[in-house]
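Chain residues, written in single-letter form:
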Amino acid sequence: MKTLIKLILFIAIIAVGGYFCWQKGWLNQFLGTGSELKIDQTASIVEEVKKISEFTSVKFYEELVIDEKKASKWVDNKAGNLLSKLTGKDKKEISNDELVIIAKGTVRAGFDLSAITDSSFSIHGDTIRMVLPQAKILDVIINPSDFEIYEEDGEWSHEQVVAIESKATKQLEQDALEYGILEKATTTGKQKLTSLFKSFGYNVVEF
Amino acid sequence: MKKSILLAVIGMTLLSSCTKQVSLKEKMDTKAQELTEMAELGTVEYTITKIVKAEDIAWYKIGDRKILFSCKAVLKAGIDLSEFSSQNVEIDEETKSIKVTLPPAKLLSLNMPPEETKLAYQKVSILRDDFSAEERAKLLKQGEEAIIAEVPKLGILKESEKNASDFFKAMLSQMGFSTIKIEFK
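Residues numbered from 1 in each chain as written. Chains lettered and ligands numbered in written order. Predicted model: local features only at pLDDT ≥ 70, side-chain atom pairs only at ≥ 80, totals over all residues.

### A closer look at the overall build of chain B
So, point 1. If you tally the helices and strands in chain B, you get three helices and seven strands.
So, point 2. Along chain B, helices (α) and strands (β) appear in the sequence α-β-β-β-β-β-β-α-α-β when read from the amino end.
So, point 3. A burial count over chain B gives 29% of its 185 residues as buried.
So, point 4. Summarising the internal contacts of chain B: among those between residues at least 6 apart in sequence, 78% fall at separations of at least 24. (Helix = DSSP H or I, 4+ residues; strand = E, 2+ residues; numbered from the N terminus. Buried ≥ 20, exposed ≤ 12 C-beta atoms within 10 Å, placed from the backbone. Contact = placed C-beta atoms within 7 Å.)

Right, dumping it as structure tokens:
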């Protein structure tokens, strides 16, 4: 009887100790299971170098949530079709495969000044007049660090995730346009360029 | 007594799951948007490719996993003119000469579009799970960080200052200045 109590006590101590180590993260540290998978070092190869003259006058920031559902491979077949007919539910609902992504994107807008020539400027005394091109979106950016996988149920291939992320990028650009980014880029751009030209000695700046 | 405790636990579980759903729903409906004014002159664009690869091998795991992505990123560097003022300009009206002191070039943007990130190779042993979307995302995030860390070695900032100098010289020449000197802080 005494031996049994000792054994139970021993197991209990091991279990409590193990739980404590797991809670503290020491167990994961020892086994290496909690550590994040690291990439190998590789060089970045410069493919193209391009001279640009882009004047960015505004930056639009947005946080988006994209919720995507799909039929899992277990129901995406004849049996799934039958089950869908019998239950009256969509295959996506039956399989419950869901991916929720939070995306934090940036849209940069301004003027492409690369087409500026002598004829773009006309100067009369302390007045300068500049012909500005139309403001445009220069960059739509959602990088890997800007995506957060909030919920992941089922198997999602790289291509499927890329399709969702591309959808987020398109949505971001659309939202920026609806927000009036181009109008704001034009107004702000003119103000900033006016300030720049005034520092070059011109008192009146016209566009 | 037991029944009421059980009901309380079920109630709390349901409540916590509802809270999570509501907060996500709220986030989906209310978009957090912000517009910031700026004055940045981008003068150079580098398109770079990078292989992002990882191996998941350990003595206590049966079988291994390997993954390899081919990524493309566009880097833009230039001059932030938000702090630029007349104090950075010296003009001699008589000789039509101008000296402009610009802030140093910096990385303005990094764009790593999702559609330019290709999964080139993946090998997963039969006893291991496939790479999840979250694991792949974490690896690509490390790839992005590695590209940013390599910026000083790429020579993009030096190239950017050279182009900025050319841009201001051309523009100031069009404005009628005959002697133009561009310096960087």
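### Focus on the overall build of chain A
So, point 1. Across its full length, chain A holds six helices and seven strands.
So, point 2. For chain A, whose C-alpha radius of gyration is 29 Å, the value lies well above the compact-globule estimate of 17 Å for 207 residues.
So, point 3. Dimensions of chain A, computed from C-alpha atoms along their principal axes, come out at roughly 110 × 50 × 35 Å.
So, point 4. Looking at chain A as a whole, 27% of its 207 residues are labelled buried.
So, point 5. Long-range pairs, those at least 24 residues apart, make up 79% of the contacts in chain A between residues at least 6 apart in sequence. (Rg over C-alpha atoms; globule rule 2.2 N^0.38 Å.)

### Things to note about helix H2 (residues 133-154) of chain B
Residue and element names in this part refer to chain B.
So, point 1. In this model H2 runs 31 Å from its N-terminal to its C-terminal C-alpha over 22 residues, within 8% of the 32 Å that 1.5 Å per residue would give.
So, point 2. Its maximal kink placed at Ile148, H2 deviates by approximately 25°, while the proline Pro152 follows within four residues.
So, point 3. Restricting attention to buried positions, one finds in H2 the residues Ala133, Arg136, Ala137, Lys138, Leu139, Leu140, Lys141, Gly143, Glu144 and Ile147.
So, point 4. Positive backbone phi, approximately 80°, marks Gly155, located one or two places after H2. (Expected span 1.5 Å × (residues − 1). Bend = angle between axes of the 7 residues up to and from the residue.)

### A few points about the sheet that holds strand E3 (residues 89-92) of chain B
Residue and element names in this part refer to chain B.
So, point 1. If you trace the three strands from one edge of the open sheet to the other, you get E3-E4-E7, paired in mixed fashion. Looking at strand neighbours, the two that pair on one side only are E3 and strand E7 (179-184), the edges of this open sheet. Neighbour-to-neighbour, the strand axes of the sheet open up by a mean angle of 10°, direction not taken into account.
So, point 2. As defined by bridge partners, strand E4 (residues 97-102) adjoins E7 across six bridges and the pair is classed as parallel. In the strand pairing of E7, Leu102 is matched with Phe184.
So, point 3. Relative to E7, helix H3 (residues 156-174) is tilted by about 150°, and along the sheet it contacts E4 and E7. (Pairing = 2+ DSSP bridges. Axes fitted to C-alpha atoms, helices over the stretch in contact; angles between N-to-C directions.)

### Details of H3(B)
So, point 1. With 19 residues, H3(B) should reach 27 Å at 1.5 Å per residue; the first-to-last C-alpha distance of 27 Å fits that figure.
So, point 2. Taken as a whole, H3(B) has its buried residues at B:Ile156, B:Ser160, B:Glu161, B:Asn163, B:Ala164, B:Phe167, B:Phe168, B:Met171 and B:Leu172.
So, point 3. The elements touched by buried residues of H3(B) are strand E1 (44-70) of chain A together with strand E1 (32-56), strand E2 (65-80), E4, H2 and E7 of chain B.
So, point 4. B:Gly176, located one to two residues past H3(B), shows a positive phi value of around 105°.

### Considering the confidence of the model for chain A
So, point 1. On average, residues of chain A score 88 in pLDDT, and 92% of them are at 70 or above.
So, point 2. Considering each helix and strand of chain A separately, the mean pLDDT is smallest for helix H2 (residues 26-31) of chain A, with a value of 57, and largest for strand E5 (residues 136-141) of chain A, with 98. (pLDDT = per-residue confidence, 0-100.)

### Thoughts on the domain arrangement of chain A
Where interface size is given, it is often the accessible area lost as the parts come together that is meant.
So, point 1. Each assigned domain of chain A is listed with its residue range as follows: domain 1 (1-31) and domain 2 (50-206).
So, point 2. Using C-alpha coordinates to define each centre, domain 1 of chain A is positioned 52 Å away from domain 2 of chain A. (Domains from an automatic or database assignment.)

### A word on the interface of chain A and chain B
So, point 1. The interface is formed by 63 residues belonging to chain A together with 68 residues belonging to chain B.
So, point 2. Considering each element in turn, the side of chain A that touches chain B owes the most residues, 23 residues, to E1(A).
So, point 3. Residue classes in the side of chain A that touches chain B are distributed as 28 nonpolar, 14 polar and 21 charged.
So, point 4. Bridging between E1(A) and E1(B) involves 16 bridges; their strand directions are antiparallel. (Nonpolar A, V, L, I, M, F, W, Y, C, P; charged D, E, K, R; others polar.)

### A short note on the sheet that holds strand E4 (residues 127-130) of chain A
Residues and elements named next belong to chain A.
So, point 1. What the three strands build is an open sheet, ordered E3-E4-E7; its pairing is mixed. Looking at strand neighbours, the two that pair on one side only are strand E3 (121-124) and strand E7 (204-206), the edges of this open sheet. Going across the sheet, the axis of each strand differs from the next one's by a mean of 15°, ignoring polarity.

### Focus on unusual backbone geometry
So, point 1. A positive phi is found at B:Lys96, a non-glycine position, where the angle reads about 55°.
So, point 2. Overall, B:Lys96 belongs to the partly exposed group, with 14 C-beta atoms counted inside 10 Å.

### Focus: the pairing of E3(B)
Residue and element names in this part refer to chain B.
So, point 1. Relative to E4, E3 is paired through four bridges, and the arrangement is antiparallel. The residue of E4 that forms the bridge with Asp92 is Ser97.
So, point 2. Between the antiparallel neighbours E3 and E4 lie four residues, among them Lys96 with a positive phi of about 55°.

### Thoughts on the environment of A:Thr186
Residues and elements named next belong to chain A.
So, point 1. Take Thr186: it is sitting in helix H6 (residues 181-199).
So, point 2. For Thr186, a count of 20 C-beta atoms within 10 Å translates into the label buried.
So, point 3. Separated by 129 residues in the primary sequence, Thr186 and Ser57 place their C-alpha atoms 7.8 Å from one another.

### Looking at the nonpolar core
Nonpolar side chains in soluble globular proteins tend to end up buried together.
So, point 1. Among the nonpolar cores identified, the biggest contains 63 residues, and A:Ala109, A:Ala168, A:Ile181, B:Ala73 and B:Leu75 are the most heavily contacted of them.
So, point 2. Other than its neighbours up to four places away in sequence, A:Ala109 contacts A:Thr56, A:Ser57, A:Val58, A:Ala135, A:Lys136, A:Ile137, A:Leu138, A:Ile181, A:Leu182 and A:Ala185. (Core = buried A, V, L, I, M, F, W, Y, C linked by C-beta atoms within 7 Å.)

### Brief notes about the confidence of the model for chain B
So, point 1. Residues with a pLDDT of 70 or more make up 84% of chain B, whose mean pLDDT is 88.
So, point 2. For this predicted complex, the interface score ipTM comes out at 0.82, alongside a pTM of 0.82.

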